[in-house]
Amino acid sequence: MPRKQWLLNKNLAAHRQAAAALAQELELPAFATMLALGRGMAEDELPGFLGLEDEPLVNPYDLPDMDDAVQRIELAIARGEHITVFGDYDADGVTATALLTMYLQSRSEHVTWHIPDRQAEGYGLTMSTIDKLHEQGTQLIVTVDNGVSAIREITHAKALGIDTVITDHHQCGDELPVCCAVVNPHRHDCDLLFKDYTGVAVAFLLVCALEGSEPEELLPNYAELVALGTIADVAPLLGDNRIFARAGIEMLNDNPGLPFAALLRVANAQRKPYGTSAFSFMLAPRINAAGRMGLANEALELLLCLDESRAETLAQKLDVYNQDRQLVEQEIFAQATAWLEANPAQQHDRVLVFAGEGWHEGVVGIVAARLMERCGKPVLMITLNGEQAKGSGRSIPGFHLFHALQNSAHLMQKFGGHELAAGFSLPACEVNRLREEINAYAAKQTMPFPAQHVDCKLKPAHLTTDLADELALLEPFGQGNPQPVFALPKMVLLAATPVGEGKHLRLTLEQSGTKITVMAFRTTIEDFAFAAGDVLDLAVTLEANEFRGQRDVSLILKNAKFSLLPNDALLQAQRTVEQMLRREPVQVACPTREDGAVIFRLLKAAQKPVAIERILLQAQPEDFAKLWLAAEVLRELGLAASDAQGRYSLVPCSEKTPWEQAALVRFLLGV
């Protein structure tokens, strides 16, 4: 369980009275109303946010160049020109390609589509792909979810006689491609207040403009596609995106389309009602798996499929791809954690950089996210292929990964991304230099701790289906409107039981006679730092489920910590210890042989890896860093080892080195 800084929302109490009055006026539950106001929602925005009032969607023609895009596509349809919809291999790109292709093929028989092969072609338009499209007779390319940075490639297409209409949602540079139209809400000349649309949303708005219809009128025809791309791309579920997501969720529950019903069946998704999690954890991974492990074409074929038998076959194929992806992901994750344990000095880097020969480049981004969550630090995962290296990175809020890579642009062949995620390529010989440079860059920043945001504290008796039903009013949850998280202080852990072939844990806890069950997903019993009898603070989410006519509430663990261990002092000790292990100047007392003996005895009694938190439970906060360093001295002396999660265990050792000879002790004593 990663260490996090717990941040309690202290605004709720200040909105209690206003929430009570507004809830009475709107006939809403007071608690859900207080949560919304406490998160910063203005009172006059709440009815629209909750869907109590119909709010108009954006006018498609408010996007730059929409007129030009419509005119050029209408001209191509009238002339019978060969139009190619050019997409991307992730869920946003695939849904956008499906949506626009579906519409254009309803109006012309000269419409094809192309999604790049992730391995062979990479992201976006390339010279070689444009040459192939030219050979196939393409006269107009309409991009979805890409194209705004393909300046050279679009110039090349123009030289071959191919026109281009770009629809994209990625950040624009100072220069735009010279083409028929660039429809992108992030253009500098776009005056929209809300700009965080996805690629599929922009494609949908283009269809509305082509059809001459209001978006509200056409949304029921495409709601599941727009919702899937929007949720999968982790777009903020605010403004129009909430309307898109809500419409898709309603359709998924009431009358799912053929492709979506097939995917739900192979995912064994029997519990209703479906929410954003169905899109995030059941549908999107299987669509993405096709692009990662096979061909995104098969995911696109499913979304366009009208035959039930064929849809079932394709859905099963995508499910197999997803299973393959999970196996490859687990193998790379295991290799990375093994490397970290074999190189303990790297555990204390500000940014963790992993590299492996032949790692699957379609999976390294997922592994980077898992390692970032486990280690609480930005992570770069790099796959080596001869002299070439390709990587994907994930970061924590507060450390801008794109800016960090920009600082090493001289090493890069190509890179792009944003604050929390990025992709890049560079010569394999520069990987170690990148590790040095990005950590030097991070040393000049104030590195944040990963945060666990908590809406409020509750007693376990309050966790009922009635509360879950109240919270459902705030759906859809996602980026910009996260699912409410509640703190359950001082819960006694009764048992941790492995489930799901040991991949997950079912925790049984009690407080004041009330017992609850909490699921800890993707947590094995070996990874769990706590034991029966421990008193814990939990951060959980909850939702109501219905199965075979029975309704209950599910509690999902987000984070846990020892109740009696001051968390801020623990995090500060971690920062101090890491600074010392990097041999940076910091004030800290030198651990003594007696400190080491205390830890040695504790590890010997435990007979299994022990988290540093358990070692520090009986210590005073001012001694946390000193005792932690004592554990590191034992490791230096060969008496202990630490794993990738920083847990300590004894190792057999026949030779004894004097305490004073440890390099860390000598450094602290200035010897």
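Everything below is about the structure printed above this text.
Residues numbered from 1 in each chain as written. Predicted model: local features only at pLDDT ≥ 70, side-chain atom pairs only at ≥ 80, totals over all residues. Heavy atoms only, no water.

**Student:** Before we move on, can you summarise the layout of surface pockets with the specific residues and values?
**Tutor:** One way to see where empty space is left: roll a probe the size of a water molecule over the atoms. One number sums up the size of the second largest pocket: a volume of about 350 Å³. The wall of the second largest pocket is formed by 15 residues, among which D54, L219, I243, A247 and E250 lie closest to the centre. Contributing elements (two or more residues each) for the lining of the second largest pocket: α9 (215–232) and α10 (240–254). When residues in the lining of the second largest pocket are grouped by element, the largest group, 5 residues, is from α10. Partitioned by chemical class, the residues of the lining of the second largest pocket number 7 nonpolar, 2 polar and 6 charged. (1 Å grid on protein atoms, 1.4 Å probe; cavity = no way out; pocket = protein on both sides within 12 Å on 5 of 7 lines; lining within 4 Å. Points joined across faces, edges and corners; volume = space filled by probe spheres on them. Helix = DSSP H or I, 4+ residues; strand = E, 2+ residues; numbered from the N terminus. Nonpolar A, V, L, I, M, F, W, Y, C, P; charged D, E, K, R; others polar.)

**Student:** Tell me about the sheet that holds strand β10 (residues 414–417), residues and numbers included.
**Tutor:** Within the open sheet, the 5 strands sit side by side as β7-β8-β9-β11-β10. Their pairing is mixed. Unpaired on one side and paired on the other, β7 (352–357) and β10 mark the two borders of the sheet. Taken over all neighbouring pairs, the strand axes of this sheet differ in orientation by 15° on average, direction set aside. In this sheet, strand β8 (residues 379–385) lies alongside β7 in parallel orientation, the contact comprising 6 bridges. Looking at β8, one finds that G356 is bridged to T383. In the packing of helix α17 (residues 431–443) onto the sheet, the strands contacted are β7, β8, β9 (388–394) and β11 (421–427), and the crossing angle to β8 comes to about 170°. (Pairing = 2+ DSSP bridges. Axes fitted to C-alpha atoms, helices over the stretch in contact; angles between N-to-C directions. Contact = heavy atoms within 4.5 Å.)

**Student:** Talk me through the nonpolar core; I want residue IDs and the actual numbers.
**Tutor:** Ranked by size, the top nonpolar core spans 82 residues in total, and within it L104, F204, L206 and I287 carry the most contacts. Looking at which element gives the most residues to this core, the answer is helix α8 (residues 199–211), with 11 residues. Of all hydrophobic cores here, the second largest spans 72 residues; its members include L46, A468, I599 and L664. (Core = buried A, V, L, I, M, F, W, Y, C linked by side-chain atoms within 4.5 Å. Buried < 20%, exposed > 50% of the residue type's maximum accessible area, 1.4 Å probe, protein only.)

**Student:** I'd like a description of the packing of helix α2 (residues 30–38) against helix α18 (residues 465–472), backed by residues and values.
**Tutor:** Two numbers describe how α2 lies on α18: the axes approach to 8 Å, and their chain directions differ by 45°. When the axes of α2 and α18 are compared, the pair comes out oblique. Here the hand of the crossing between α2 and α18 comes out right-handed. Two secondary-structure elements touch here, α2 through F31, A32 and L35 and α18 through L467, E470 and L471. By residue class, the composition of the contact of α2 with α18 is 5 nonpolar, no polar and 1 charged. (Parallel < 35°, antiparallel > 145°, perpendicular 65-115°, else oblique. Left-handed = near helix turned anticlockwise from the far one by under 90°.)

**Student:** Hey, could you go over unusual backbone geometry for me, with residue numbers and the actual values?
**Tutor:** A cis amide bond links E475 with the next residue in sequence, P476, at an omega value of 0°. Residue position: P476 is located in the loop between α18 and β14 (486–499). Positive phi, close to 65°, is recorded for D65, a residue that is not glycine. Along the polypeptide, D65 turns up in the loop between α3 (46–49) and α4 (66–79). When its relative accessible area of 24% is taken as the criterion, D65 is described as partly exposed. The backbone of S512 shows a phi angle near 50°, a positive value even though the residue is not glycine. Assignment of secondary structure puts S512 in the loop between β15 (504–511) and β16 (514–520).

**Student:** So what's going on with empty space enclosed by the protein? Which residues, and what values?
**Tutor:** Counted under the stated rule, the structure contains 1 cavity of 30 Å³ or more. Size it by volume and the largest cavity reaches roughly 30 Å³. Every residue along the wall of the largest cavity is listed here: L28, P29, A32, T33, A36, L46, L50, L473 and L474. A per-class count over the lining of the largest cavity returns 8 nonpolar, 1 polar and no charged.

**Student:** Kindly report on the sheet that holds strand β5 (residues 163–167), identifying the contributing residues and their values.
**Tutor:** As summarised here, the arrangement of the 5 strands in space is β3-β2-β4-β5-β6, forming an open sheet in which the pairing is parallel. Sheet topology places β3 (111–114) and β6 (181–183) at the edges, where each strand pairs with a single neighbour. The mean inter-strand angle of the sheet, taken between neighbouring strand axes irrespective of direction, is 20°. When strand β2 (residues 83–86) meets β3, the two strands line up parallel, connected through 4 bridges. In the sheet register, T84 faces β3, and the bridge partner there is T112.

No statement about biological role is implied by the geometric values presented.
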